[in-house]
Structure formats: C-alpha cells, structure tokens
Amino acid sequence: MFAKAFRVKSNTAIKGSDRRKLRADVTAAFPALGTDQVSELVPGKEEFNTVKLYAHRGDAVTVYVSGGNPILFELEKNLYPTVYTLWSYPDLLPTFTTWPLVLEKLVGGADLMLPGLVVPPAGLPQVQRGDLCAIALVGNRAPVAIGVAAMSTAEMLTSGLKGRGFSVLHTYQDHLWRSGDKSSPPSIAPLALDPLDLSEEKGSVQADPTLQGDMRRLTLEGEEEESGEVQQMYEEKSLSEASEDPSPGGLNPDPTDSRTLQEQMDELLQRCFLQALKCRVKKADLPLLTSTFLGSHMFSCWYGSPEGRQLDIKKSSYRKLSKFLQQMQQEHIIQVKELSKGVESIVAVDWKHPRITSFVIPEPSPTSQTIQEGSREQPYHPPDIKSLYCVPASMTLLFQESGHKKGSILEGAEVRAIIISYAKKNDLVDADNKNLVKLDPVLCDCILEKNEQHTVMKLPWDSLLTRCLEKLQPAYQVTFPGQEPIVKKGKICPIDITLAQRASNKKVTVVRNLEAYGLDPCLVAAILQQRCQASTTVTPAPGAKDSLQVQIQGNQVHHLSWLLLEEYQLPRKYVQGLEKAPRPGKKK
C-alpha cells in the first residue's frame, strides 16, 4: 500500500478527547495489550499527531504519529500497527517467517506467497482467513511487514503451501516507514530454534518440501550456503508481482540465457512487432499511427512472452520506436510515411513477407501466465447488463392485479405480458380493430397526459406498450461472471472519458466510473502507463463516494477506445467521450 509515495492531506495535533477514543479503539483492536501498554502507545501529554493522506492507489488513510514515528494507521475503520510499534510489541500479532531475500520483493509491493514461508519446528501459527499477521525474517523475530491472511492455517497446509498467503499492507523500508526516523529493526531472538540460528544445535532446515529440490540445502555448520537459486525459485514459484509498479524495469533475467539484456530485449521487440502484424493489425487499419501501433498492438503482445518479459524499447539497442521501424522498413516489411508534420504512420504492410509468414506465435509460458494472473487476478470478462423497470406509485393500480406493487422490478418482456394480460382480462381489445386497445380509467391515469385524458380513447398496441415503459422508472441488472446478479435502480452510468487542461497548458485524459463495470482503476492505469508511455495517476473522483478516477498525460482516447472496446469487449453504448480522440495529424 505504501510502496509508492503518498499525498498528505492534513497533519494536525490530536485532541485529548480523541486520544481517549483512540485508546479505547486500540484496546478493542488489540486485546493482547495491557492498559499500561496502551497508555505507552497513545501517550497522554507527549506530541501526538493525526495525518490524513491518500495512498498512491487513492485509498484514504489516517496515520497516527507519536514522537515523529508513525505508530498506527487506519484504513476503512480498521486499525493496523506499523513496524515501529511491532518492534516494541513483537508478540502483538501472530508472526510468520520468510527468507531475507523476500523482503526486497515485499517492499516493492508484492504479496507474500506460501512457498516463501519457513515452517518452524513447532509448526505455523494458527490463524483464520482475514486475520492480521506479522511477517519476520529468519533469525530475527522483529517484524518487517504486516499483512492479512488470505487463508486459514488449515487451508495453507491443505494447499501444500502453494498460492497467495498474505496480502501485504505495510513493510519496513516502504514510504510509511520512511516518514519516521528510518530506524532499522532491532535484533529479537526467536522464541524457538530458528532454522538459520547459528547456535550450538545443528540440523537441517524445516521448510516447504517443494522448495528443497529447487535450492541448495542450507546447513547450520557455521556457514550459510545461500545462492541465487533461492531468488530464482521464489520469483518463479512464489511471488506474483503486485501491480504497484506497472513498469518494474523490463526483463526478468533468464539465468539459462547467455545473451545480454539488450540482446534479449531486441529479440522481444522483433517478436512483438511480428506478432502484432500477424495477429492484430488488419489492412483496414492502415494508415496506422506508429504510436497507436506500439501502444495498442505491440504492448499487448508482451503478456504472452516467455519468462514474463516486459517490452521496453529504451532497453533495446534501438532506443526509439522510429529507429526500429526504419530498420523494419529497410527489410521491406512495412512502409512508414510522415502524413503530417512530425507524425509518422504505417501506410503499408507486406503480409507475404517471409518473416511474417514464418513467424510462429509463442504459447504463453506458465511463468508469464502467473505474472499476468498476479497483476490482473484473472482475465477480465465484461458484465452482462440488462435494462429493467421499476413500478412507481402512480402505476401500482395497473400492476397490482398481476401481484406486483410499488418498487417491483420487472423485465421489459414481463411488462409487455402484464399489459397484454390486463387488456384481455378487462375486455379492452377493440372488437372492430384488434390492433387498438380501449383505455379504461386505470390506463388513462397511468399512461396519458392530463390534456389527453378526455380526448384519447384508444391506442395502438405498440403505442400503449411504449408509453407504459416510458412511465416506469429505470433500473438495471449487472451480472459479473461467476457472481450473483446485482440489481440497482436508475440508469447505469457509462464509463466517462473527458479531456482536461492543466495549469501547465498540457492536456490530460480523465476516466471515471470504471468500477461499475468491474474494472480496477489501478490496473487500468498501469496498463495505460505502459502502452501510452505516459504518466498516470489514480485519485478519488470528485463528487463520487468510494470511486476513483484515472488521469493519463496527453490525449489517450485512442488507447482507451482499443482497451475498453476491443480487448475488454465492452459495448460502445457504455463508454462516452470516444469522439474526443485526436484527429490524425493533430498534436496531442
């Protein structure tokens, strides 16, 4: 949560009444603390401040600061201790142990995966799913992170210690820790023999059996044989990198590949280029802006690349897209022209070129699938959205015969069936013209305007049904794959794309209402940052409760259009603002 810098909203001294309330909250949240310990944690007279801030994902967090150090933070009305507090009270939470090399990953925003746990001789602490836990390193009981258990201890053991173990909230060396005095963890001896505690007793490590075939056995004979194999094993089997940093720095080095990182990036760049031409670009797309080709087509191809490699042109020998495309033009694969000043487009592609025809699309490797699943949890599928109708008070007489009342939710087909049944049951179908319906007092009151009630005596079926639907209140049903339908009154708000001008006279693209369609604003921001090669921010949406908006530097409506309509397959009617895309040749 604090892997990136946060934005402080306010910093105020806490009042005496608020201190007393906080002590009561701490006592309720952490019953293991005694009265004296709570008084030490929340002192009565010493300097004590409340800092309200926004984490980089937009979460509103309240931090309590004592003596210059953050000691507690509150998120969604839940209190959490910081590592500074846990160093004073190491037994406050159930503590799990991991390897020292894992800390770097946790600080970077990753969650703790179960294969990374070290199982002590006494077994794992007993916790339930959702319990708050501390994470310490082998050899020192001082916690270096706190997180929420993703499963119970029994479930961890049943799974064979595989999968996500803890959602990490805060770590030593993250930005919340940096806001304090930046002290290091104290040395606290383990309660029982630690696998790497170089004491008089010697023995083998008790750890996850699945790890023992992947790394050198650690011995306790005065020397630790810890190699890079541990790092490689944990990256491949344990850590699914969190999307805290959408640009983690290019390739994941492959120890079996003797090529330099630059050579590997050159090969990946060529692969994404050919795959984009073979699978994504069509003749009807030409001429195609080179920036659109990169952001909407080439970047979409790196997800399936071997070993989860991430495309980064700056780390290739070409450095720039234009230089790379010039090379591809010299090989007669594409033709690039400057159709307007300073703006290049691909105007022709030789799809019969041997390099395209012979290119074999690689199968996604298990590692790349893990990376993609770790950043997106699971592939996005658009929800099924159905328009519904709600019976208002003014129309209850018309619907009560069919067993419905004010506030009943109906589908359009149900409304039509009820109206037809009502007309036939009350003998309102015109005997001379079956296409007309006579209006009785109930129908007159429900669907006619006041100035029509003495002039309109009959209506055609289609007009009657249309008027009835218009008089009902709108509602809708959203069904996400594998979830129960959600019914809400009113109309669903479309995803709103707007352009804004900032003080620096630069344009930014703003996207709102992503959550209504099951889209994570932070994930969308990460994808757009990579594809647009532009900075993105996620902030609370003004005037909307518990909603976030994504801001991308420049006019990026083209990229949004491709992402939302083509990749996420959202119907166009649920996205507004696509007409704001820049015209070819117009500077963003």
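The rules behind each value
Residues numbered from 1 in each chain as written. Predicted model: local features only at pLDDT ≥ 70, side-chain atom pairs only at ≥ 80, totals over all residues. Heavy atoms only, no water. UniProt positions renumbered as here; feature names shortened; annotations may be inferred. Buried < 20%, exposed > 50% of the residue type's maximum accessible area, 1.4 Å probe, protein only. Helix = DSSP H or I, 4+ residues; strand = E, 2+ residues; numbered from the N terminus. Pairing = 2+ DSSP bridges. Phe/Tyr/Trp six-rings, centres within 6.5 Å; stacked < 30°, edge-to-face > 60°. Core = buried A, V, L, I, M, F, W, Y, C linked by side-chain atoms within 4.5 Å. Contact = heavy atoms within 4.5 Å. Salt bridge = Lys/Arg side-chain N within 4 Å of Asp/Glu carboxyl O. Axes fitted to C-alpha atoms, helices over the stretch in contact; angles between N-to-C directions. pLDDT = per-residue confidence, 0-100.

Within an unreviewed UniProt entry, the label attached to the chain reads Eukaryotic translation initiation factor 2D, and the organism entered is Equus asinus. Here is the UniProt Subcellular location (unreviewed entry) comment for the chain, exactly as written: "Cytoplasm". Per UniProt, the comment on the chain under Sequence similarities (unreviewed entry) is "Belongs to the eIF2D family."

Peer 1: Where do I start with the pairing of strand β10 (residues 140-149) in this structure?
Peer 2: For a regular strand, the rule is simple: side chains alternate between the two faces of the sheet. In terms of residue burial, β10 counts as a mostly covered element, since eight of its 10 residues are buried. Inspection of the sheet shows strand β9 (residues 132-137) paired to β10 by six bridges, in the antiparallel sense. Paired with Leu137 across the two strands is Asn140, which belongs to β10. Between β9 and the antiparallel strand that follows it, β10, lie two residues; Gly139 among them carries a positive phi value of about 95 degrees. As paired elements, β10 and strand β11 (residues 164-171) share five bridges and run antiparallel to each other. Bridged to Ala145 within β11 is Thr171.

Peer 1: Explain the packing of aromatic side chains here, please?
Peer 2: Centre-to-centre distance and the angle between the planes together describe a pair of aromatic rings. Scanning the entire structure with this criterion turns up 13 aromatic pairs. Measuring from ring centre to ring centre gives 5.4 Å for Phe2 and Phe73, while their planes differ by 85 degrees; the resulting arrangement is edge-to-face. Highlighted residues: Phe2 in the segment before β1 (7-13) and Phe73 in strand β4 (residues 69-75), separated in sequence by 71 residues. Comparing Phe2 with Phe73, the two get one shared label, buried. One aromatic cluster in this structure is built from Phe2, Phe6, Phe73 and Tyr80.

Peer 1: Explanation requested: the nonpolar core in the structure shown.
Peer 2: Soluble, globular proteins show a tendency: their nonpolar side chains are buried together. Counting 34 residues, the largest nonpolar core has Leu519 and Leu564 as the members making the most contacts within it. Those elements that provide at least two residues to this core are β19 (473-479), β21 (495-501), α18 (521-532), β24 (548-553) and α19 (557-567). Sequence-distant contacts of Leu519, defined by excluding residues within four places in its chain, comprise Tyr380, Ile495, Leu514, Val524, Leu564, Tyr568 and Leu570. Judged by nonpolar contacts, the second largest core, of 33 residues, contains Ile14, Val26, Ala55 and Leu86.

Peer 1: Mind showing me how you'd approach the pattern of salt bridges here?
Peer 2: Side-chain pairs of opposite charge can arise whenever the charged atoms involved come near each other. In this structure the tally under the stated criterion is 13 salt bridges. A salt bridge links Glu449 to Lys471; the shortest N-O distance between them is 3.2 Å. Taken as a pair, Glu449 in the loop between α16 (441-447) and β18 (458-460) and Lys471 in helix α17 (residues 461-471) lie far apart in primary sequence, 22 residues in all. By relative accessible area, Glu449 is classed as partly exposed at 42%. Among the residues examined, Lys471 registers a relative accessible area of 32% and is labelled partly exposed.

Peer 1: Explanation requested: α19 in the structure shown.
Peer 2: Note: α-helices contain 3.6 residues per turn, so residues at a spacing of three or four share the same orientation. Taken as a whole, α19 has its buried residues at Val557, His559, Leu560, Trp562, Leu563, Leu564 and Leu565. At the exit of α19 stands Gln569, carrying a positive phi of roughly 60 degrees.

Peer 1: Would you mind going over the side chain of Thr290 with me for this structure?
Peer 2: Looking at the element boundaries, Thr290 is found in helix α10 (residues 290-298). Residue classification places Thr290 among the buried residues on the basis of a relative accessible area of 12%. When residues no more than four places from it in sequence are discounted, the contact partners of Thr290 are Leu321, Leu325, Val336, Glu344, Ser345 and Ile346.

Peer 1: Sorry if this is basic, but what is going on with the sheet that holds strand β3 (residues 60-66) here?
Peer 2: Strand pairing in a sheet takes place through backbone hydrogen bonds and is either antiparallel or parallel in direction. Spatially, the five strands line up as an open sheet ordered β1-β2-β3-β4-β5, and their pairing is antiparallel. Across the chains shown, the open sheet's two edge strands, defined by having one partner strand only, are β1 and β5 (78-81). Pairwise comparison of adjacent strand axes, ignoring direction, gives a mean angle of 25 degrees for this sheet. Sheet topology note: the β3/β4 ladder contains six bridges and is antiparallel. Within β4, the residue paired with Thr62 across the bridge is Glu74.

Peer 1: Quick question: what am I supposed to make of the confidence of the model for the chain here?
Peer 2: Close inspection of predicted coordinates is inappropriate for parts of the model with low pLDDT. In the predicted model, the chain carries a mean pLDDT of 80, and the fraction of residues at 70 or more is 82%. The low-confidence segment residues 192-253, where pLDDT is below 50, has 123 contacts with residues more than four positions distant or belonging to other chains. Long-range and interchain partners of residues 365-377, a stretch whose pLDDT sits below 50, account for 29 contacts in this model, where long-range means more than four residues apart.

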